[in-house]
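# Commentary on secondary and tertiary structure
Here are the chains, one letter per residue:
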Amino acid sequence: MNEIIIDVKNVSIRFGQNKVIDDISFQVERGDFIGLAGPNGAGKTTLAKAILCLLPLESGTITLFGQHGARFNYFSKIGYLPQKNSNLNSIFPASVEEVVSLGLLAAKKIPKVITKSDQSKVRKTLGELGILKLKNKMLSELSGGQQQRVLLARALVSEPELLVFDEPSTALDPASRNNFFRLIRTLNRKKGITIILITHDTGYIGNYANKLLYIDRRLVYFGEISAFCKPKKGGHFFEKTDNHIIWHQHN
Amino acid sequence: MKKPIIILFGISIINMEIINFLQYSFVQKAFLAGSFVAVVCSILGLFLVLRKMSLIGDGLSHVSFGAIALGLFFGFYPFYVAIPVVMIASFFILKISEKAKIYGDAAIGIVSSVGIAGGVILASASNGFNVDLFSYLFGNILAISNTEVILSIVLSLIVMILVYVFYWDLFSATFDEEYAKTTGVKTNFINILIAFLTAITVILSVKMVGVMLVSALLILPAVTALQLSKKFQVALLMSSFISLFSVLLGITFSFFLDLPTGAMIVMMNFLFFCLTFFYRKVFD
């Protein structure tokens, strides 16, 4: 068994009267590629944000890289790619180079300064993702696929050990989506980066992830995708179409 | 031969006028304090505009009206009262919009109207300082005192140093607050810092352009720079230069044309905005 880097124990989260996560427990091992799936309103993004220490818990604990969530400060070990453009301001005059530099802040202390060597790291990461020529462009001038790569570069530039993606393929066409998923599979297999990827596409994720975390406010399934794909396993949880898609995509 | 001689004569008269103008100590003080305040306003303004908090300057300037009235009422130096009161008001705006299920603009509206109402009540109750108080409505940087020059420079330097120290955190929290949190940026602290720095900047600007026009100093240089910049650092520099030139030109024109200084500074800023706006429309 690999090292446990995320330990979620009996976590519940409530927004006002609404309990959005109810007593969920699971563990993520180093090197896992986990597809986090579930229907609309199942609490996928909420759970991911709780793992990233962005939300307070009603009860339970989350331990990240051996640190309790509330006291977590190894921020340079995590990279986050939010849902495309969800928070981006289109008139913000930020160049691609400046945006990617933000990924390096986690490892810095006040006063934070972006040095020459940081700039080299930024350019190296942009080069690896094939978007170095965009470094002086404004983020809002780019296409959806290019923006996604820039935000991926921001998540990767600090060389994190854990990457959390929130529905990264929403705005991508099928070809860009395939490229994007192949890229993150390479990161997982060659660099050993642990990945949690939120998706609606339970079928597609079967091609890439080794584990599936399926929630619907409560934990429905957590384990190997191969085991999940057997019709008997969890068959009563899902619509037939879901099982069908996962089964074929996985093959 | 007559025309060039007349032109040269005219230019030398203008040069003499400008040299005389620059020798007045009240002009030197206005240029000095105005330059610092202009740069600070433009820097803070860029963060505020991009955070969609532009009107916080307007709200806090109205609070400063009430706070100045309070200072005058009790016989204190108005700015010494205004600084803590406006800082508390900025914190209050931040907290009621976070905790009380009130949108930011509504929170600004509440604080702003209470500030004005307080000022009017105090002015009415005192019967003695109405002229002093109402001079703050439109400001007059040409009447700035030595104490106010020193206060402007010191407070501006404090704001600039804090912006330099927290530059990347301010940038990150303004660009994408949620992402900033995942990189360990203390976004709550950054929000409070911006509110406090805005409070200081507003108080400094009140003397220059007056309560009614402060928000123009915060908003106009920023939106002008946003017309042309594709990089945040360029936007900051451009915004600072536009603000600085507007203040220097505004003071100069107001002196020679005998027009109100605060209003001229705002009109210069607006002129730069129009120029960049049309430049962008034509060349983009």
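Because the structure is a prediction, the values reported are computed rather than measured. (Residues numbered from 1 in each chain as written. Chains lettered and ligands numbered in written order. Predicted model: local features only at pLDDT ≥ 70, side-chain atom pairs only at ≥ 80, totals over all residues. Heavy atoms only, no water.)

With that settled, the discussion passes to the overall build of chain A. The number of helices and strands found in chain A is eight helices and 10 strands. Taken over 251 residues, chain A has a buried fraction of 51%. Considering only contacts in chain A between residues 6 or more positions apart, those separated by 24 or more positions represent 67%. Split by element, the accessible area of chain A, about 11300 Å² in all, is 48% carbon and sulfur. (Helix = DSSP H or I, 4+ residues; strand = E, 2+ residues; numbered from the N terminus. Buried < 20%, exposed > 50% of the residue type's maximum accessible area, 1.4 Å probe, protein only. Contact = heavy atoms within 4.5 Å. Areas by Shrake-Rupley, 256 points an atom, 1.4 Å probe, with all protein chains shown as cover.)

The next point concerns the sheet that holds strand 8 (residues 194–199) of chain A. Residue and element names in this part refer to chain A. Strand order in the open sheet formed by six strands is 6-7-8-3-9-10, and the pairing between neighbours is mixed. Whereas interior strands pair on both sides, the edge strands pair on one side only; in this sheet they are strand 6 (78–81) and strand 10 (218–224). Strand after strand, the sheet turns through a mean of 15 degrees between neighbouring axes, direction not considered. Relative to strand 9 (residues 211–216), strand 3 (residues 33–37) is paired through four bridges, and the arrangement is parallel. Its bridge partner lying in strand 9, A37 is registered against Y214. Contacting strand 3, strand 6, strand 7 (162–166), strand 8 and strand 9, helix 1 (residues 44–51) crosses the sheet at an angle of about 155 degrees to strand 8. (Pairing = 2+ DSSP bridges. Axes fitted to C-alpha atoms, helices over the stretch in contact; angles between N-to-C directions.)

A separate point is unusual backbone geometry. What you tend to see is this: most non-glycine residues have negative phi, and most peptide bonds are trans. Residues and elements named next belong to chain A. With an omega of -5 degrees, the peptide bond running from I110 to P111 counts as cis. With respect to the secondary-structure elements, P111 resides in the loop between helix 2 (96–101) and helix 3 (116–128). Although it is not a glycine, E167 sits at a positive phi angle of roughly 40 degrees. Relative to the helices and strands, E167 resides in the loop between strand 7 and helix 5 (174–190). Here the phi dihedral of R217 falls at roughly 70 degrees; this positive angle occurs in a residue that is not glycine. As for its position among the elements, R217 is in the loop between strand 9 and strand 10.

This part is about the confidence of the model for chain A. All names here are of chain A. In this model, chain A carries an average pLDDT of 85, and 88% of its residues clear a pLDDT of 70 or more. By mean pLDDT, the top-scoring element of chain A is helix 2 (95), and the lowest-scoring one is helix 8 (residues 240–250) (44). Confidence over residues 233–241 falls short of pLDDT 50; this stretch has nine contacts with residues more than four positions distant or in other chains. For the stretch residues 243–251, pLDDT sits under 50, and the model shows 19 contacts to residues farther than four places along the chain or on other chains. (pLDDT = per-residue confidence, 0-100.)

On the surface, a cluster of nonpolar side chains totalling about 980 Å² of accessible area is made up of B:I14, B:I18, B:L22, B:L237, B:F241, B:F245, B:L249, B:F253, B:F256, B:L257 and B:L259. Looking at where B:L257 falls in the secondary structure, it is placed in helix 12 (residues 232–257). (Patch = residues over 30% accessible without salt bridge, like charges linked within 9 Å, V, L, I, M, F, W, Y side chains within 5 Å. Salt bridge = Lys/Arg side-chain N within 4 Å of Asp/Glu carboxyl O.)

Before going further, it helps to spend a moment on the environment of B:F138. All names here are of chain B. One can find F138 in helix 6 (residues 130–138). Taking the C-alpha atoms as reference, F138 lies 8.1 Å from K207; in sequence the two are 69 residues apart. Apart from the residues within four sequence positions on either side, F138 is in contact with V209, G210, M212 and G262.

A few words on the interface of chain B and chain A. Each side of the interface is counted separately: chain B has 25 residues, and chain A has 32 residues. Taken together, the two surfaces of chain B and chain A that pack against each other cover about 2900 Å², and 65% of this comes from carbon and sulfur. Counting the surface chain B buries against chain A, the share from its top three residues, B:W168, B:F175 and B:Y179, is 30%. Put simply, chain B and chain A have nine residue pairs in polar contact (both at pLDDT 80 or more) between them. Elements that contribute at least two residues to the side of chain B that touches chain A include exactly helix 8 (167–175), helix 9 (177–182) and helix 12 of chain B. With seven residues, helix 8 of chain B is the largest single contributor of residues to the side of chain B that touches chain A. Grouping the amino acids of the side of chain B that touches chain A by side-chain chemistry returns 12 nonpolar, seven polar and six charged. (Buried area = accessible area lost by both parts, 1.4 Å probe. Polar contact = N/O pair within 3.5 Å; in protein donor to acceptor, adjacent residues only side chain to side chain. Nonpolar A, V, L, I, M, F, W, Y, C, P; charged D, E, K, R; others polar.)

Let us look at helix 8 of chain B. Since one α-helical turn is 3.6 residues long, residues separated by three or four positions face the same way. Counted residue by residue, helix 8 of chain B has nine buried out of nine residues, so it is predominantly covered. B:Y167, B:W168, B:D169, B:L170, B:F171, B:S172, B:A173, B:T174 and B:F175 are the residues of helix 8 of chain B that are buried.

Moving on, we come to the packing of helix 3 (residues 56–74) of chain B against helix 11 (residues 214–228) of chain B. All names here are of chain B. Two elements in contact, helix 3 and helix 11, have axes whose closest approach is 8 Å; the angle formed by their N-to-C orientations is 160 degrees. By the angle class used here, helix 3 and helix 11 are roughly antiparallel. The interaxial crossing formed by helix 3 with helix 11 has right-handed handedness. Across the interface between the two elements, G57, D58 and S61 from helix 3 touch V214, S215 and L218 from helix 11. Of the residues contributing to the contact of helix 3 with helix 11, the split by class is two nonpolar, three polar and one charged. (Parallel < 35°, antiparallel > 145°, perpendicular 65-115°, else oblique. Left-handed = near helix turned anticlockwise from the far one by under 90°.)

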